[in-house]
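Analysis of the macromolecular model
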Amino acid sequence: MTEKNRFKTFSVTLISVWLILLVLVPTLMVIAVSFMTSNTPGEISPVFTLSNYKAIRDPLFLQVLADSFEMAFITTALCLLVGYPFAYNLSKYKGKFKSLLLVLIIIPFWTSSLIRTYAIIIIIKTNGVLNNILMAVGIIDEPLRLMYTETAVLVGMVYSLLPFMILPLYAVLEKLDGKLIEAAKDLGAGRMRTFWHVVIPLSMPGVIAGSMLVFLPTLCLFYISDVLGGAKSLLIGNFIRNQFLLTRNWPMGAAASMILTVLMFIVIYIYYRSTKKTGREAI
């Protein structure tokens, strides 16, 4: 066996062991616990039951699930609305500050997302920076009540996940063949027509990838809704956290986790089919 093959075998084996120990085994444990019984808080009885999954049909859980998907859709739409123009203009920018702009997008990853979420409180609280500025310029007469609302949660979600939308879009738009745009202009298409019928279709892989990278984490970022939304904003991530840490009903939390995992797999499958369809249309 050559040195190259030995290194390849070692790398594959190491990654496989890592995935088995830290992904497969914990997932199987969660699946097993979801079918067990919780007698007292924190205690699990190895008695097979489907009651945990039957409890998922409770209207309260279904409402939490619906609210979570609504929040994820709105967050994804806002990130796309803000991120696409930025990524498009950045891909066309030829100045010397292009690298600096890319670094500014990545810099938030250097700081804990939780710390950045707490920083938002300084901006949007009743006597925060935003209200002080708006009152100073005379736009409002009294402070806006933004904290502990869905608006605050949306701000936090968009702020935390916007780079995940911009970077895939930029990667696709940067590689966009300028000859196709020139060909569209030669055929009589204006700027808007070229943008809608050439640029957007060709950038769909980036749109789909960015949407996935924003949509899925939104379902799980429970600390943002805790910090900015308080008790008024309960998402599926908060529900699962509460089952494990507060009520200590581990089987119920495991069942909810598996439901969320299945829904994520469905979304990923839709993403996979969408990318294949987009690739065939591009060809």
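Let me begin by describing the structure that accompanies this report. (Residues numbered from 1 in each chain as written. Predicted model: local features only at pLDDT ≥ 70, side-chain atom pairs only at ≥ 80, totals over all residues. Heavy atoms only, no water.)

**Here we look at unusual backbone geometry**
The residue Y148 is not glycine, and still its phi comes out positive at about 60°. If you trace the backbone, Y148 turns up in the loop between helix 6 (129-136) and helix 7 (150-174). What makes Y148 partly exposed here is its relative accessible area of 44%. Here R248, not a glycine, exhibits a phi torsion of approximately 60°, which is positive. Note on placement: R248 falls in the loop between helix 12 (236-245) and helix 13 (250-282). (Helix = DSSP H or I, 4+ residues; strand = E, 2+ residues; numbered from the N terminus. Buried < 20%, exposed > 50% of the residue type's maximum accessible area, 1.4 Å probe, protein only.)

**Focus on the packing of helix 5 (residues 113-124) against helix 7**
Two elements in contact, helix 5 and helix 7, have axes separated by 10 Å at closest approach and are oriented at 135°. If you check the angle between helix 5 and helix 7, you find them oblique. At the point where helix 5 passes helix 7, the crossing takes the right-handed sense. Contacts between helix 5 and helix 7 involve S113, R116, T117, I120 and I124 from the former and A152, V155, G156, Y159 and S160 from the latter. Class assignment for the residues of the contact of helix 5 with helix 7 results in five nonpolar, four polar and one charged. (Axes fitted to C-alpha atoms, helices over the stretch in contact; angles between N-to-C directions. Parallel < 35°, antiparallel > 145°, perpendicular 65-115°, else oblique. Left-handed = near helix turned anticlockwise from the far one by under 90°. Contact = heavy atoms within 4.5 Å. Nonpolar A, V, L, I, M, F, W, Y, C, P; charged D, E, K, R; others polar.)

**Here's the deal with the pattern of salt bridges**
Opposite charge on two side chains makes pairing possible when the charged atoms of those side chains draw close. Counted according to the given criterion, the structure contains two salt bridges. In this structure, the salt-bridge partner of K98 is E174, at a minimum N-O distance of 3.0 Å. In this pair, K98 sits in helix 4 (residues 98-106) while E174 sits in helix 7, placing the two residues 76 residues apart along the sequence. According to the relative accessible area criterion, E174 is partly exposed, its value standing at 35%. With a shortest N-O distance of 2.7 Å, R241 and D226 are connected by a salt bridge. In this pair, R241 sits in helix 12 while D226 sits in helix 11 (residues 222-229), placing the two residues 15 residues apart along the sequence. You can call D226 partly exposed: its relative accessible area is 27%. (Salt bridge = Lys/Arg side-chain N within 4 Å of Asp/Glu carboxyl O.)

**Remarks on a positive patch on the surface**
Among the surface-exposed residues, K92, K94, K185 and R191 lie close enough to one another that they form a single positively charged patch. Mapped onto the elements of the fold, K94 is located in the loop between helix 3 (59-92) and helix 4. By relative accessible area, K94 is classed as exposed at 70%. (Patch = residues over 30% accessible without salt bridge, like charges linked within 9 Å, V, L, I, M, F, W, Y side chains within 5 Å. Areas by Shrake-Rupley, 256 points an atom, 1.4 Å probe, with all protein chains shown as cover. Lys, Arg positive; Asp, Glu negative; His and termini not counted. Charge placed at Lys NZ, Arg CZ, Asp CG, Glu CD.)

**Quick word on the packing of aromatic side chains**
Evaluated as defined, the whole model comprises eleven aromatic pairs. Look at F35 and Y53: their rings are 5.1 Å apart centre to centre, the planes differ by 35°, and that puts the pair in the tilted class. Taken together, the positions of F35 in the loop between helix 1 (3-34) and strand 1 (37-38) and Y53 in helix 2 (residues 51-55) put the pair 18 residues apart, joining distant regions of the chain. For F35, a relative accessible area of 25% translates into the label partly exposed. You can call Y53 partly exposed: its relative accessible area is 22%. With a centroid separation of 5.0 Å and an interplanar angle of 75°, the aromatic rings of F109 and F164 are classed as edge-to-face. Of this pair, F109 sits in the loop between helix 4 and helix 5 while F164 is found in helix 7, placing the two residues 55 residues apart along the sequence. On the basis of relative accessible area, F164 is assigned to the partly exposed category, the value being 30%. Grouping aromatic residues by their ring pairs yields a cluster made of Y84, Y88, F195 and W196. (Phe/Tyr/Trp six-rings, centres within 6.5 Å; stacked < 30°, edge-to-face > 60°.)

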